[in-house]
Amino acid sequence: MGTNKMWGGRFGEGPADIMAEINASVDFDKRLAREDLAGSRAHARMLADQGIISQDDATSILKGLDQIEHEISSGSFTFKRELEDIHLNIEQRLSDIIGPAAGRLHTARSRNDQVATDFRLWVREACARADAGLLALQRALVTQAEAHADTIMPGFTHMQPAQPVSFAHHCLAYVEMFARDRGRFTDAAKRMNESPLGAAALAGTPFPIDREKTAKALGFASPARNSLDAVSARDFALEYISAASIAAVHLSRLAEEIVIWMTPAFGFVSLSDKFTTGSSIMPQKRNPDAAELVRAKTGRILGSFVTLSTVMKGLALAYAKDLQEDKEALFSAADALDLSLAAMAGMAADMKANPAKMRAAAEAGYPTATDLADWVVTNLKKPFREAHHISGSIVKRAEELGVTLDKVALAEMQKVEPGITKDVVTVLSLAHSLNSRTSFGGTAPVRVREQIAFWREKLA
């Protein structure tokens, strides 16, 4: 076969067929083309500014890279698996376009720092996309909250009716969760914002490069301080997938609630035709498939975290070919997260609440039992544990009578606690219960509207 073009004179023959198959990554790492071109432009300009290559060569390189970018964007670029990866595909095409000057582009860099730079750029952008998707979802939920500060629904613990809350309060709980998710992506983006470019294979380079210049050109805060770490670290990718995993869990929780709320047994919300499907055999069906798929994609994202963690756990410094396996896992997680966020933001905006169903469900399960106990503490000066027992006994009697708590006759209550007066009825309504929760962060409409105003300003 002659000298191997990719690896130089050390190899006299090409790889075996199975080696070529397992070694090639261009099928998936071609997604790094934009980042690879950006890194190459920054590197070429810096080499020329430092006098390492001529300005003429740099100009030729930059023009060639522009042509390659056009070919890729137009779909006319031919990706060749025998050239292994996106880096060598671009380098070879550059050589075809401008000749030997293309070989000067790889001066003072290696594919090791090249791919590490490309990957950081890609993941940094993925963090920005996640933040934008979460912001859109938060805004949709706040819009729902604005319409439903007074809409009463049952709050649940153990999936059993607990205390009345407003639908707005419930929506805002997810706004809080997604705010923390945004914080995780923001933090991750800050930590990954160091440029590996110029670390070369693992030890740096003897050429008088300016790593500050290339870092600035690519929007990095600074160059990475240790060449070994620069080429081999993938914790930035792990941190992205970690943040994505937590966000996906939050999305899945909301998706699960939508699935439950849309069942006829609940009927709390409905989704339009835009986010539901029918059945091929049962004409009455309206299935919340979009929510179900968001719920399912969580597994894909969590699996990607396990995949990349397993790749990394046994790697001694510095670079190893194992790191080729980092991209497919992260791309898969990012694709699933981006799609899930867009779908959930759409559902949150499309969702139509059914206040009557919510209120009817809130009336079941004796949700004002705690209010009764609180009344006993306040008015009869009983310890809360004793008041809890009194309220529980009255709830039991209500169950026996088949009535809601506010319909239990005063005489029946007094059989349990003679000190109870007719005034107790004022605290047993759903509206009173809702309005009484005025502690900061509580479900009282006055507090909920404060939070809506807070989030409206914060998300503007």
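Residues numbered from 1 in each chain as written. Predicted model: local features only at pLDDT ≥ 70, side-chain atom pairs only at ≥ 80, totals over all residues. Heavy atoms only, no water.

Glancing now at the environment of Thr 277. With respect to the helices, strands and loops of the structure, Thr 277 is situated in the loop between β5 (269-270) and α11 (289-312). Residues Thr 277 and Glu 412, 135 residues apart in the sequence, show an inter-C-alpha distance of 51 Å. The residues contacting Thr 277, other than those within four sequence positions of it, are Lys 285, Arg 286, Asn 287 and Asp 289. (Helix = DSSP H or I, 4+ residues; strand = E, 2+ residues; numbered from the N terminus. Contact = heavy atoms within 4.5 Å.)

What follows concerns the nonpolar core. Residues Phe 185, Tyr 240 and Leu 337 are the most contacted members of the largest nonpolar core, which totals 98 residues. It is helix α10 (residues 235-261) that contributes the most residues to this core, 15 residues altogether. Grouped together as the second largest cluster of nonpolar side chains are 18 residues, Tyr 366, Ala 373, Ile 420 and Val 424 included. (Core = buried A, V, L, I, M, F, W, Y, C linked by side-chain atoms within 4.5 Å. Buried < 20%, exposed > 50% of the residue type's maximum accessible area, 1.4 Å probe, protein only.)

Further remarks concern the pairing of strand β1 (residues 152-157). As defined by bridge partners, β1 adjoins strand β2 (residues 160-166) across six bridges and the pair is classed as antiparallel. What sits directly across from Gly 155, in β2, is Gln 163. Here β1 hands over to β2 after two residues, with His 158 in that stretch at a positive phi of 60°. (Pairing = 2+ DSSP bridges.)

We now examine the side chain of Ser 110. Mapped onto the fold, Ser 110 is located in the loop between α5 (86-98) and α6 (111-147). When residues no more than four places from it in sequence are discounted, the contact partners of Ser 110 are Ala 200 and Ala 201.

All right, on to the environment of Thr 404 then. Counting through the fold element by element, Thr 404 comes out in the loop between α15 (384-401) and α16 (410-416). Taking the C-alpha atoms as reference points, Thr 404 and Leu 428, separated by 24 residues in sequence, lie 9.5 Å from one another. Dropping the residues within four chain positions of it, Thr 404 is found in contact with Glu 363 and Tyr 366. Within the local environment of Thr 404, its side chain forms a polar contact with the side chain of Asp 406, the two groups lying 2.6 Å apart. (Polar contact = N/O pair within 3.5 Å; in protein donor to acceptor, adjacent residues only side chain to side chain.)

A few words now on the environment of Ala 230. As for its position among the elements, Ala 230 is in helix α9 (residues 227-232). Along the sequence, Ala 230 and Ser 95 sit 135 residues apart, while their C-alpha atoms lie 28 Å from each other.

All right, on to unusual backbone geometry then. Cis peptide bonds are those with omega within 30 degrees of zero, and the linkage from Leu 317 to Ala 318 qualifies with 5°. Positionally, Ala 318 belongs in the loop between α11 and α12 (326-350). The backbone of Met 159 sits at a positive phi, close to 60°, despite the residue not being glycine. Tracing the sequence through the fold places Met 159 in the loop between β1 and β2. Classification of Met 159 as partly exposed rests on a relative accessible area of 46%. Of note in this structure, Tyr 366 is not a glycine but carries a positive phi near 55°. Mapped onto the secondary structure, Tyr 366 falls in the loop between α13 (355-363) and α14 (369-380). You can call Tyr 366 buried: its relative accessible area is 18%.

Our focus in this paragraph is the packing of aromatic side chains. Summed over the entire model, instances satisfying the criterion amount to 10 aromatic pairs. Aromatic pair Phe 156 and Phe 266: ring centres 6.2 Å apart, planes at 50°, arrangement tilted. Of this pair, Phe 156 sits in strand β1 while Phe 266 sits in the loop between α10 and β5; the two residues are 110 residues apart in sequence, bridging distant segments of the chain. Between Phe 454 and Trp 455, the aromatic rings sit 5.1 Å apart at their centres with planes inclined by 80°, giving edge-to-face as the arrangement. When its relative accessible area of 42% is taken as the criterion, Phe 454 is described as partly exposed. On the accessibility criterion, Trp 455 (4% relative accessible area) is buried. Among the aromatic residues, those joined into a cluster by ring pairs are Phe 119, Trp 122, Phe 236 and Phe 331. Between the NZ or CZ atom of Arg 31 and the centre of the ring of Phe 331, over which it lies, the distance is 4.7 Å. Over the aromatic face of Trp 122 sits the side chain of Arg 129, whose NZ or CZ is 5.0 Å from the ring centroid. (Phe/Tyr/Trp six-rings, centres within 6.5 Å; stacked < 30°, edge-to-face > 60°. Lys NZ or Arg CZ within 6 Å of the ring centre and 35° of its normal.)

Nothing here speaks to function; it is geometry throughout.
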